[in-house]
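So the chains spell out like this:
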Amino acid sequence: MQTWLFVAVGGAFGACLRFGIAELMALLLGRHFPYGTLVVNVVGSLIMGIAYALITHAQVVEHPMKPLLMVGILGALTTFSSFALDTVVLAQQGAYLKALLNVGLNLFLCLAMVVLGMQLVVSRL
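None of these values were measured; they are calculated from a predicted model. (Residues numbered from 1 in each chain as written. Predicted model: local features only at pLDDT ≥ 70, side-chain atom pairs only at ≥ 80, totals over all residues. Heavy atoms only, no water.)

Observations concerning the overall build of the protein
Working step 1: Looking only at helices and strands, one finds 5 helices and 0 strands in the protein.
Working step 2: Each helix and strand of the protein, ordered N terminal to C terminal, gives the series α-α-α-α-α.
Working step 3: Its C-alpha atoms put the protein at 50 × 35 × 25 Å along the principal axes.
Working step 4: Sorting the 125 residues of the protein into buried and exposed places 32% on the buried side.
Working step 5: Long-range contacts, defined here as pairs at least 24 residues apart, represent 72% of the contacts in the protein between residues at least 6 apart.
Working step 6: Total accessible area computed for the protein in this model is approximately 7700 Å², and 75% of it derives from carbon and sulfur atoms. (Helix = DSSP H or I, 4+ residues; strand = E, 2+ residues; numbered from the N terminus. Buried < 20%, exposed > 50% of the residue type's maximum accessible area, 1.4 Å probe, protein only. Contact = heavy atoms within 4.5 Å. Areas by Shrake-Rupley, 256 points an atom, 1.4 Å probe, with all protein chains shown as cover.)

Here you go:
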């Protein structure tokens, strides 16, 4: 039951963090492109890569609060469904180039950040 509570608390925090970042990006850069979703996906992917590498390569014993971070906070922060919806909406609005750019940037940068996060940890061992 404690694990479920950690996931729930982490999810609430991650969702609020995601909303705050999205609003900040919209304020700073406008709402003509889903910058907030891009930022949370990239940053969340970097953190996920670091956490994964610490658990698998640094032989860190899995902490009981792992679900709080990995499932709760990061799961709510980096909701890929928002990325999908943003892309479809851009395409429906006829902004096909922006839709393709959104797909390309999210996929490339998030994959790269997972690799970078893992390398940051592994290179320090």
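Focus on the UniProt feature "transmembrane region" (unreviewed entry) in the protein
Working step 1: The feature "transmembrane region" (unreviewed entry), as annotated in UniProt, sits at residues 32-55, 67-91 and 103-122 in this numbering.
Working step 2: Counted over residues 32-55, helix gives 88% and strand 0%. Its end C-alpha atoms are 38 Å apart.
Working step 3: Between the C-alpha atoms that bound residues 67-91 the distance is 35 Å, and the span itself is 92% helix and 0% strand. (UniProt positions renumbered as here; feature names shortened; annotations may be inferred.)

With respect to the environment of Ala58
Working step 1: By secondary structure assignment, the location of Ala58 is in the loop between α2 (35-56) and α3 (66-77).
Working step 2: Distance in space between the C-alpha atoms of Ala58 and Ala95 is 44 Å, their sequence separation being 37 residues.
Working step 3: Ignoring anything within four residues of it in the chain, the contact list for Ala58 reads Ala53 and Leu125.

Comments concerning the layout of surface pockets
Working step 1: One number sums up the size of the largest pocket: a volume of about 340 Å³.
Working step 2: If you trace the largest pocket, you find 18 residues lining it, with Arg31, Phe33, Pro34, Tyr35 and Asp86 closest to the centre.
Working step 3: Secondary structure elements with two or more residues in the lining of the largest pocket: α1 (2-29), α2 and α4 (80-92).
Working step 4: For the lining of the largest pocket, the element with the most residues is α1, which contributes 6 residues.
Working step 5: Looking at the lining of the largest pocket, its residues break down into 9 nonpolar, 5 polar and 4 charged. (1 Å grid on protein atoms, 1.4 Å probe; cavity = no way out; pocket = protein on both sides within 12 Å on 5 of 7 lines; lining within 4 Å. Points joined across faces, edges and corners; volume = space filled by probe spheres on them. Nonpolar A, V, L, I, M, F, W, Y, C, P; charged D, E, K, R; others polar.)

Focus: the packing of aromatic side chains
Working step 1: Inspection of the entire model under this criterion finds 2 aromatic pairs.
Working step 2: Centroid distance Phe33 to Tyr35: 5.0 Å. Interplanar angle 55 degrees. Geometry classified as tilted. (Phe/Tyr/Trp six-rings, centres within 6.5 Å; stacked < 30°, edge-to-face > 60°.)

Some remarks on the side chain of Ser45
Working step 1: You can see Ser45 is positioned in helix α2.
Working step 2: Look at Ser45 and you get buried, because its relative accessible area is 13%.
Working step 3: If we ignore the near neighbours within four places in the chain, the residues touching Ser45 are Thr78, Cys110, Met113 and Val114.

Some points on the UniProt feature "binding site: Na(+)" (unreviewed entry) in the protein
Working step 1: Here the UniProt-annotated "binding site: Na(+)" (unreviewed entry) positions come out as Gly75 and Thr78.
Working step 2: Along the chain, the position of Gly75 falls in helix α3.
Working step 3: You can see Thr78 is positioned in the loop between α3 and α4.
Working step 4: Given a relative accessible area of 18%, Thr78 falls into the buried group.
Working step 5: Those residues in contact with Thr78 that sit more than four places away from it in its chain are Val40, Asn41, Gly44 and Ser45.

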